[in-house]
Amino acid sequence: MTSNQQRAALQRQIWQIANDVRGAVDGWDFKQYVLGTLFYRFISENFASYMEAGDESLNYAKLDDTIITPDIEDDAVKTKGYFIYPSELFVNVAENAHSNESLNTDLADIFAAIESSANGYPSEVDIKGLFADFDTTSNRLGNTVADKNTRLAAVLKGVAGLDFGDFHGSQIDLFGDAYEFLISNYAANAGKSGGEFFTPQHVSRLIAQLAMHKQSHVNKIYDPACGSGSLLLQAKKHFDAHLIEEGFFGQEINHTTYNLARMNMFLHNINYDKFNVQLGNTLIEPHFDEDKPFDAIVSNPPYSVKWIGKDDPTLINDERFAPAGVLAPKSKADFAFVLHALSYLSSKGRAAIVCFPGIFYRGGAEKKIRKYLVDNNYSVSVHCEQIADNDYNLSVSSYVEPKDTREVIDITKLNAEIATTVSKIDMLRKDIDLIVAEIEGR
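Values in this document were obtained by computation on a predicted structure and should not be read as measured data.

Draft legend 1. Examining the pattern of salt bridges more closely. Enumeration over the complete set of coordinates arrives at 11 salt bridges. Residue Lys220 is joined to Glu246 by a salt bridge in which the shortest nitrogen-to-oxygen separation is 3.6 Å. One end of the pair, Lys220, is in the loop between helix 10 (201–212) and strand 1 (221–223); the other, Glu246, is in the loop between helix 11 (230–238) and strand 2 (248–252), and 26 residues separate them in sequence. Judged by its relative accessible area of 43%, Glu246 is partly exposed. With a shortest N-O distance of 3.0 Å, Lys292 and Asp289 are connected by a salt bridge. In this structure, a network of salt bridges that share partners links the residues Asp289, Lys292 and Glu319.

Here it is as structure tokens:
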């Protein structure tokens, strides 16, 4: 089986599991349990592989918790960012899940222990709250403890049955691909709400390529509205790891999606010290002021979302928005995200941002911002004089003549073909007349 066939088979299997175990629960509401369980299995196998350090005689999952010394735990947390005791590993919990009458509380305790293992370490902010949306007491799992445990055991068993092979490079990719496949399917089935936290892979790939074009290396890459991290991860997938020197940075306003993004980083084998994803409103409470500038910025911010805008008189003096001399409209924050991104961009950097088409031709404040961007050479491939003559309308249709898709017909050739066809029809009619005359003569 080829790698692509293996991926396709794995994806069909995991989506079937996701649908089977949720029962009557809406898939969108149940996503955190499937995604969280997949993440739990990944970090368990990742951590066990680290602890075994290639020693085939050592099986970390079979060890007793009591052999773990404080020094062992300390060294592991400093490297991996968290610690998991042998008894807490996914493989051991899943093995006895169906007979464990306290499964839901045991899982809650294990997740809390994993998160608290990072307390006081540099990784604390990256690990804290990772399992916050995996609520093992939620009525979505069932009305009774027994019902909750039955459904949790089914999820654990289903994810345990997925064949990722031995834990090494290609299997790490399979974990990440499976996670993104699940996110994309949940997003597609959720409609508009899904699009708020996931950018389709073909769009992500194009945006990443645009941002990294002609850059032999970048200091770091940033997404001010990172969702589940798909745009940042496309940069990792399509470019050598050494190309992005200082890691991946992102901010996300939705708490659940923020957790998905951090999980996604781990699932693509990006260690805690190589990513920094923060929770908050990018436009009002931006992070990473001390980390800018960035050589590459990618983003697919929410389209025409409302924001406080001119109701906050301090924003017009904000260094991100002040140069344009006007704020984006309160009802349409699109240009606020664009100006924010450009203010974080290095002098040699590139920003690739997916924008709602309306910002390229609407009037008012958005027209003034377009004028600022054009006059300050943020516009490429179109002559600024041409844009000014067109009243700063940046709509593609104003500069690109639509392709004529009508079929081109050679009249002379067509007439010749018609004449040939008519001649053949006349000959056929004569032949038919001769046959009929012969029949009637008999």
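Draft legend 2. Local environment of the sheet that holds strand 1. Judged by pairing direction, the sheet is parallel, and its five strands sit side by side in the order 3-2-1-4-5 without closing on themselves. Since the sheet does not close on itself, it has two edges, and those belong to strand 3 (275–279) and strand 5 (345–353), each with one partner. Recorded for the sheet is a direction-independent mean angle of 15° between the axes of neighbouring strands. When strand 4 (residues 294–299) meets strand 5, the two strands line up parallel, connected through five bridges. Its bridge partner being in strand 5, Phe294 is matched across the sheet by Leu345. Sheet contacts for helix 11: strand 1, strand 2 and strand 4; angle to strand 1, the most-contacted strand, approximately 155°.

Draft legend 3. Seen up close, the environment of Asn59. As for its placement among the helices and strands, Asn59 is situated in the loop between helix 2 (27–52) and helix 3 (70–80). Taking the relative accessible area as the measure of exposure, Asn59 reaches 38% and is therefore partly exposed. When the C-alpha positions of Asn59 and Ala48 are compared, they lie 8.0 Å apart, and in sequence the two are 11 residues distant.

Draft legend 4. A look at the pairing of strand 2. Among the five residues of strand 2, five are classified as buried, and the element is accordingly described as predominantly covered. The side-chain alternation of strand 2 yields two buried faces, one formed by Phe248, Gly250 and Glu252 and the other by Phe249 and Gln251. Looking at chain direction, strand 1 and strand 2 are connected through three bridges and run parallel. Bridge pairing in strand 2 links Asp223 to Gly250. Here strand 2 pairs with strand 3 via five bridges, running parallel. Residue pairing in the sheet places Phe249 in a bridge with Asn276 of strand 3.

Draft legend 5. Representation of helix 13 (residues 334–343). In terms of burial, helix 13 is a largely internal element, nine of the 10 residues being buried. Three or more residues of helix 13 are buried, namely Asp334, Phe335, Ala336, Phe337, Val338, Leu339, His340, Ala341 and Leu342.

Draft legend 6. Representation of the side chain of Asp223. Here Asp223 shows up in strand 1. One polar contact links the side chain of Asp223 to the main-chain amide nitrogen of Ala225, over a distance of 3.0 Å. Setting aside residues up to four positions removed in sequence, Asp223 forms contacts with Leu231, Leu232, Phe249, Gly250, Gln251, Val298, Ser299 and Asn300.

Draft legend 7. Spotlight on the environment of Ile110. Positionally, Ile110 belongs in helix 5 (residues 103–116). Beyond its immediate chain neighbours, meaning those up to four positions away, Ile110 contacts Tyr40, Glu88 and Val93.

Draft legend 8. Layout of the pairing of strand 4. Counting buried positions along strand 4 yields six of six residues, so the element is predominantly enclosed. Note: strand 1 against strand 4, two bridges, orientation parallel. Residue pairing in the sheet places Tyr222 in a bridge with Ile297 of strand 4. Regarding topology, helix 13 serves as the crossover connection from strand 4 to the parallel strand 5, and that connection is right-handed.

Quick notes on the rules
- Residues numbered from 1 in each chain as written.
- Predicted model: local features only at pLDDT ≥ 70, side-chain atom pairs only at ≥ 80, totals over all residues.
- Heavy atoms only, no water.
- Salt bridge = Lys/Arg side-chain N within 4 Å of Asp/Glu carboxyl O.
- Helix = DSSP H or I, 4+ residues; strand = E, 2+ residues; numbered from the N terminus.
- Buried < 20%, exposed > 50% of the residue type's maximum accessible area, 1.4 Å probe, protein only.
- Pairing = 2+ DSSP bridges.
- Axes fitted to C-alpha atoms, helices over the stretch in contact; angles between N-to-C directions.
- Contact = heavy atoms within 4.5 Å.
- Polar contact = N/O pair within 3.5 Å; in protein donor to acceptor, adjacent residues only side chain to side chain.
- Right-handed = clockwise from strand over helix to strand, strands pointing away.

Everything listed here is a matter of coordinates, which is why it stays silent on function.
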